[in-house]
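Fold and contact review
Okay, here's what each chain looks like letter by letter:
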Amino acid sequence: MASGKEIRGKIKSVENTKKITKAMEMVAASKMRKAQERMRSGRPYADKVRNITAHLAQATPEYKHPFMVTPAVPTKRVGLLVVTTDKGLCGGLNTNVLRQVTGKLRELEAEGNHVEVVAIGNKGLGFLSRIGAKVVAQAVQLGDKPQLDQLVGPVKVLIKPYFEGQFDAVYLCYTRFLNTMKQEPVIEQLLPLPDHHLAQSEEEKQAHSWDYIYEPDAQTVIDDLMVRYVEALVYQAVLENLASEQSARMVAMKAATDNAGTLIGELKLVYNKTRQAAITKELSEIVAGAAAV
């Protein structure tokens, strides 16, 4: 059995750890609220771009943007855009999405596709490098307030070749924020844009039923809008992932704090038993000595 001094040292160590995890939990809770506000504030822009793009695409049926159609000649090249966190201590958030990415990589390679990956976040970059995936671009250290201009360069590495017909499809992998206690890893087809992406409800059709004057022409406007829309989708995925990260970190740190409290209680019980055993032994020795005298 460990001595009382050793047990006191362990209790002190766990108490210090508990203070750290509690502080990290409170910091994550504060950042989580800000991340959720940032995520929600980004949605109106993406919805507005989507509605305008959908209306323009329907208004000019004679022109189909490459982002909306599957390439006529398969190239057996596929792009993956993987969004993870820069930091750890957020439970199984990155593990869950990277597990799905690994499965998707195996599936695509089994079909004979050559996969090129863009990594957003340190954790994903490190993992993809370790498994030997071909990482063609990266964006790390985005911070708590990611900006769209930090993502434009890496995203264009996949968007431009698809526009030129060099890719068959591009997939977006990230963690979708559902609520504070639940986050869902998803892999969505980014390009070609699925039909539901540009589908409009009856209310949206009425709200965006006006005619446009194009300058210089409809094709140029739609081309630019499509790129902006795809960039908005990626940016929104990064914001969703950030909100998921802070929520998962808060939950993980709360669990660590609770576990530390439980461990401290167990160690104090062991310490009291050890101390009581030492006192009982000393009393026995005193009584035995007095009886001998």
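Since we're looking at a predicted model, the values are computed, not measured.

As for empty space enclosed by the protein
In total, this model carries one cavity of 30 Å³ or more according to the counting rule given. Approximately 30 Å³ is the volume found for the largest cavity. Along its surface, the largest cavity is lined by Leu148, Leu151, Val152, Val155, Glu231, Val234 and Tyr235. Contributing elements (two or more residues each) for the lining of the largest cavity: helix H4 (149-163) and helix H6 (218-292). Its residues assigned to classes, the lining of the largest cavity shows six nonpolar, no polar and one charged.

Some words on the pattern of salt bridges
Side-chain pairs of opposite charge can arise whenever the charged atoms involved come near each other. Scanning all chains against the criterion turns up eleven salt bridges. Linking Asp258 and Lys254 is a salt bridge whose minimum nitrogen-to-oxygen distance equals 3.2 Å. Taken together, the positions of Asp258 and Lys254, both in helix H6 and four residues apart, correspond to about one turn of that helix. One network of salt bridges, with partners in common, ties together Arg77, Glu116 and Lys134.

Brief notes about the nonpolar core
Residues Phe67, Leu81, Ile120, Leu190 and Leu191 are the most contacted members of the largest nonpolar core, which totals 40 residues. Mapped by element, the contributors of at least two residues to this core are helix H1 (4-59), strand E1 (77-83), strand E2 (114-120), strand E3 (134-139), H4, strand E4 (169-179), strand E5 (182-191) and H6. Residue contributions to this core peak at 13 residues, all from H6. Those residues within four positions of Leu191 in sequence are excluded, and the remaining contacts are Phe67, Ile159, Tyr162, Ala169, Val170 and Val230. The next biggest cluster of nonpolar side chains, apart from the first, holds 17 residues, and it includes Leu105, Val117, Ala119 and Leu128.

How each quantity is defined
- Residues numbered from 1 in each chain as written.
- Predicted model: local features only at pLDDT ≥ 70, side-chain atom pairs only at ≥ 80, totals over all residues.
- Heavy atoms only, no water.
- 1 Å grid on protein atoms, 1.4 Å probe; cavity = no way out; pocket = protein on both sides within 12 Å on 5 of 7 lines; lining within 4 Å.
- Points joined across faces, edges and corners; volume = space filled by probe spheres on them.
- Helix = DSSP H or I, 4+ residues; strand = E, 2+ residues; numbered from the N terminus.
- Nonpolar A, V, L, I, M, F, W, Y, C, P; charged D, E, K, R; others polar.
- Salt bridge = Lys/Arg side-chain N within 4 Å of Asp/Glu carboxyl O.
- Core = buried A, V, L, I, M, F, W, Y, C linked by side-chain atoms within 4.5 Å.
- Buried < 20%, exposed > 50% of the residue type's maximum accessible area, 1.4 Å probe, protein only.
- Contact = heavy atoms within 4.5 Å.

Just geometry here; none of it tells us what the structure is for.
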